[in-house]
Amino acid sequence: MSPRWNPNPDVRTGRHVVYNLHVHLVFVTKYRRKAFTDEMLTRCEEIMRDVCVDFEADLKQFNGEQDHVHLLVHYPPKVQLSKLVNSLKGVSARLLRKEYDAHVRRYLWGGHFWSGSYFAGSCGGAPLTVVQQYIERQQHPVS
């Protein structure tokens, strides 16, 4: 490898791919109930880190408030984002309800924990305008 090349730890490689994919996810509790305590948020982060490992993804950042959580996940291209989200929400809901049953039942009922919807935003890399300019400036071959 060239000594001038400074490897970026976020740029990863696979057999036939070089990638740097990050997604910002936001999950909201059902009915936006303020069900989270500090201890529950800490446990939720642990659960979500474990789920990410199963998907060969990396939970880079996690934080939340009483009614929602934010995640920054670095994931490989073979991961279908909707499946990752389903696992994150499903596993965390099941374990948080089991471990904090009495507390959760005061705020949420009917077997639900998370709202059915979520936010996913791609992030990282060059701004969209820079990528558009780069593509526009590509040279067509001359016949």
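Residues numbered from 1 in each chain as written. Predicted model: local features only at pLDDT ≥ 70, side-chain atom pairs only at ≥ 80, totals over all residues. Heavy atoms only, no water.

1. Brief notes about the packing of aromatic side chains
Under the defined criterion, the tally for this structure stands at six aromatic pairs. Measuring from ring centre to ring centre gives 6.3 Å for phenylalanine 27 and tyrosine 118, while their planes differ by 80°; the resulting arrangement is edge-to-face. Of the two residues, phenylalanine 27 is situated in strand 3 (residues 22-29) and tyrosine 118 in strand 6 (residues 114-123); the sequence distance between them amounts to 91 residues. Members of the aromatic cluster, connected to one another through ring pairs, are Phe27, Phe36, Phe113, Trp114 and Tyr118. The cationic tip of lysine 30 hangs over the ring face of tyrosine 31; the distance from NZ or CZ to the ring centre is 5.4 Å. (Phe/Tyr/Trp six-rings, centres within 6.5 Å; stacked < 30°, edge-to-face > 60°. Helix = DSSP H or I, 4+ residues; strand = E, 2+ residues; numbered from the N terminus. Lys NZ or Arg CZ within 6 Å of the ring centre and 35° of its normal.)

2. Observations concerning the packing of helix 1 (residues 38-54) against helix 2 (residues 81-99)
For any two helices packed against each other, the geometry is given by the interaxial angle and the distance between the axes. Close contact between helix 1 and helix 2 brings their axes to 9 Å; oriented N to C, the two are set at 140°. One finds that helix 1 runs oblique with respect to helix 2. Helix 1 and helix 2 meet at a crossing whose hand is right-handed. Contact residues: helix 1 offers Met40, Arg43, Cys44, Ile47, Met48, Val51 and Cys52, while helix 2 offers Ser87, Leu88, Val91, Ser92, Leu95, Leu96 and Glu99. Residue composition of the contact of helix 1 with helix 2, by class: 10 nonpolar, two polar and two charged. (Axes fitted to C-alpha atoms, helices over the stretch in contact; angles between N-to-C directions. Parallel < 35°, antiparallel > 145°, perpendicular 65-115°, else oblique. Left-handed = near helix turned anticlockwise from the far one by under 90°. Contact = heavy atoms within 4.5 Å. Nonpolar A, V, L, I, M, F, W, Y, C, P; charged D, E, K, R; others polar.)

3. Some thoughts on the UniProt feature "domain: Transposase IS200-like" (unreviewed entry) in the protein
The residues that UniProt annotates with the feature "domain: Transposase IS200-like" (unreviewed entry) are residues 18-138. Secondary structure within residues 18-138 divides into 43% helix and 28% strand; the distance between the first and last C-alpha atoms comes to 21 Å. (UniProt positions renumbered as here; feature names shortened; annotations may be inferred.)

4. Considerations on the pattern of salt bridges
Counted according to the given criterion, the structure contains 10 salt bridges. The partner of lysine 60 in a salt bridge is aspartate 10, with the nearest N and O atoms 3.1 Å apart. Placement of the pair is lysine 60 in strand 4 (residues 58-64) and aspartate 10 in the segment before strand 1 (12-13), with a sequence separation of 50 residues. Among the residues examined, lysine 60 registers a relative accessible area of 34% and is labelled partly exposed. Given a relative accessible area of 22%, aspartate 10 falls into the partly exposed group. Linking arginine 49 and glutamate 45 is a salt bridge whose minimum nitrogen-to-oxygen distance equals 2.8 Å. Within this pair, arginine 49 and its partner glutamate 45 are both found in helix 1, separated by four residues, close to a single helical turn. What makes glutamate 45 partly exposed here is its relative accessible area of 23%. One network of salt bridges, in which partners are shared, links Asp10, Arg12, Asp58 and Lys60. (Salt bridge = Lys/Arg side-chain N within 4 Å of Asp/Glu carboxyl O. Buried < 20%, exposed > 50% of the residue type's maximum accessible area, 1.4 Å probe, protein only.)

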